[in-house]
Amino acid sequence: MNGIHDLGGMQGLGPLIREPDEPVFHEEWERRTFACLILTLAGGQYTVDELRHSIERMDPARYLSTPYYEHWLHSAEDLLDKKGVVTREELARRAAEIAARGRD
Amino acid sequence: MKHEHEHTQPPSDPALRIKALESLLIEKGLVDPGAIDELVDIFEHRIGPRNGARVVARAWVDPLYRQRLLEDGTKAIAELGITGLQGEDMVILANTPQVHNVVVCTLCSCYPWPTLGLPPTWYKSAPYRSRVVIEPRKVLAEFGLAIAPEVEVRVWDSSAEIRYLVLPMRPDGTEGWTEEQLAALVTRDSMIGTNVPRVDAAATGRGK
Amino acid sequence: MAALPREIVATAIRTGASARAEVGSAPRFKVGDAVIARNMNPTGHTRLPRYIRGRRGVIQRNHGGFAFADTRAHGLGDQPQYVYSVRFEGRELWGPDAAVRDAVYIDLWESYIEPVPSR
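Keep in mind that this is a model prediction, so the values were computed, not measured.

Quick notes on helix α1 (residues 14-27) of chain B
Residues and elements named next belong to chain B. Between its terminal C-alpha atoms α1 stretches 20 Å, which fits the 20 Å expected from 14 residues at 1.5 Å a residue. Of the positions making up α1, those classed as buried are Pro14, Arg17, Ile18, Lys19, Ala20, Leu21, Glu22, Leu24 and Leu25. Phi for Gly29, located one or two positions after α1, is positive at around 70°.

A few points about the confidence of the model for chain B
Residue and element names in this part refer to chain B. Taken as a whole, chain B shows an average pLDDT of 93; of its residues, 91% reach a score of 70 or greater. Contacts for the low-pLDDT stretch residues 204-208, under 50 throughout, to residues beyond four places or in other chains number 10 contacts. Both scores are given for the predicted complex: the pTM is 0.95, the ipTM 0.97.

What about the packing of helix α1 (residues 28-42) of chain A against helix α2 (residues 33-46) of chain B?
Between α1 of chain A and α2 of chain B, whose axes approach to 9 Å, the crossing angle comes to 110°. Taken together, α1 of chain A and α2 of chain B sit at an angle that is classed as roughly perpendicular. Residues Arg31, Arg32, Ala35, Cys36, Ile38 and Leu39 of chain A of α1 of chain A lie in contact with α2 of chain B, whose contacting residues are Ala35, Ile36, Leu39 and Val40 of chain B. The residue inventory of the contact of α1 of chain A with α2 of chain B, partitioned by class, reads eight nonpolar, no polar and two charged.

Let's talk about the interface of chain B and chain A
Between chain B and chain A, the contact holds 44 residues from the first and 46 residues from the second. Elements with a contribution of two residues or more to the side of chain B that touches chain A: α1, α2, α7 (121-124), α8 (126-131) and α9 (136-142) of chain B. Counted by class, the side of chain B that touches chain A contains 26 nonpolar, seven polar and 11 charged residues.

Some words on the sheet that holds strand β5 (residues 113-115) of chain C
Spatially, seven strands are ordered β2(B)-β3(B)-β4(C)-β3(C)-β2(C)-β1(C)-β5(C) in an open sheet, and the strand pairing comes out mixed. With partners counted over all chains shown, the strands left at the sheet margins are β2 (99-104) of chain B together with β5 of chain C, one partner each. Each strand of the sheet is rotated relative to its neighbour by a mean of 35°, with strand direction disregarded. As judged from the seven bridges shared by strand β2 (residues 56-66) of chain C and strand β3 (residues 81-89) of chain C, these two strands associate in the antiparallel manner. What sits directly across from Val58 of chain C, in β3 of chain C, is Arg87 of chain C.

Topic: the nonpolar core
Counting 109 residues, the largest nonpolar core has Cys36 and Leu39 of chain A, Leu21, Leu39 and Val56 of chain B together with Leu108 of chain C as its most contacted members. Sorting elements by how many residues they give to this core places α1 of chain A first, with eight residues. Viewed by domain, this core spans two of them, domain 1 (14-45) and domain 2 (49-204) of chain B, each represented by three or more residues. Contact partners of Leu21 of chain B, with chain neighbours within four places excluded, come to Cys36, Ala76, Glu77, Val86 and Leu91 of chain A.

Criteria and cut-off values
The numbering scheme is per chain: residues are counted from 1 as the chain's sequence reads. All chains are assigned letters beginning at A, and all ligands numbers beginning at 1, according to the order in which they are written. Only residues with pLDDT of at least 70 get local features here, since the model is predicted, and only at 80 or more are side-chain atom pairs given and counted; chain-wide, interface and lining totals rely on the full set of residues. Elements are defined by DSSP. Helices are runs of H or I of four residues or more, strands are runs of E of two residues or more, and each kind is numbered from the N terminus. A helix's residues, less one, multiplied by 1.5 Å, set its expected span. Residues with at least 20 other C-beta atoms within 10 Å of their own are called buried, those with 12 or fewer are called exposed, and the rest are partly exposed. The C-beta atoms themselves are positioned from the backbone. Confidence scores labelled pLDDT are given residue by residue by the predictor and lie between 0 and 100. Placing a C-beta atom from the backbone of each residue, one calls two residues in contact when those atoms lie within 7 Å. In this analysis an axis means a line fitted to C-alpha atoms, helices contributing only their contacting stretch, and an angle means the value between N-to-C directions, from 0 to 180 degrees. Roughly parallel covers angles under 35 degrees, roughly antiparallel covers those over 145, roughly perpendicular covers 65 to 115, and oblique covers all other angles. Here the term charged refers only to Asp, Glu, Lys and Arg, the term nonpolar to Ala, Val, Leu, Ile, Met, Phe, Trp, Tyr, Cys and Pro, and the term polar to all other amino acids, Gly among them. What makes two strands pair is DSSP finding at least two bridges between them. Think of a nonpolar core as buried Ala, Val, Leu, Ile, Met, Phe, Trp, Tyr and Cys residues chained together by C-beta atoms that fall within 7 Å. An automatic or database domain assignment supplies the residue ranges for each domain.

What follows is the structure in structure tokens.
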């Protein structure tokens, strides 16, 4: 698709910013996202092509403004829901439970 | 037509989202929690650019290895015990005095994991992906690398499943160095092609 | 589809999952052939970027057969094709302001390209 991901030759997307001695993962949630995505991929839930295409269909503004591993999280949630493996309803319920536990 | 965008829902905290997802995947028997820790450990501590540096150093000292590397990158890299996910089909790009190579994935973030580990954020981000194919010399200059006009710049867009590793030229002043000493000179950026190995940079500890 | 157990994770990572696949027919192109990237605008997944479409390049290498991303992304199977490394001059892609010695090399599945008719 002619999506936001097709960036070759675009201009105005900002300066090259490099973090010296950047860690492999910046946050714990990135580690977990990386691992869950690779393990579900290895488990045959989807192909890498499906994952890429799911990311391509993100809202363009969010694609450009969210951290990289949030793209992975998006694609895992999107495809697992589409395949009926983990629904958005289940995720929302579980997230609410976890958030409630955190507030106690 | 159904909208796939998320703009109708407020964005929610990725940390909360992954906690929810991970717990459900574990509950449903789709992911083993021990496997999560093992996988993170592999990519955080056991795979990284030091692998690629060994390949480069070997090619610098052993001309027959260099030949094998250029003929069949996957097989030659495997001789050093380096194989696997996102490196199953490797092609090595040799820099020469006439040609400088640099690698990108304009469409996403494809990168040779077994030799270089996971890519840095800049490699996966919009500015690098958009600019390096159209103004490579300007981008390389921002990395501190000046390319003479008579040198050809080849930008390799990893659009399929082949993964590329740049074999930089061996720097002057390294005659008689051991493979280990040479490998220490080889930076991650020099194997992506956004920089070159330098003897002085290694001495000061700078230049990833 | 069972969970990958901890004990085999390292082996699985070291093995990977190559997308190589045999193609049942002969390659359409050979090294040195002049080709033009198709002007195609699929709404589904493709690995042919817009900056290459309609541009002329030269075949550098045949990487062999690989599963086709455009079909695999939509559950339509591997449908293997040859993947070629194709060289595009910077000035062909970006116009006369590009450096004369810049080039882009990109990997294209066979159905992304057409021959340039020879005169």
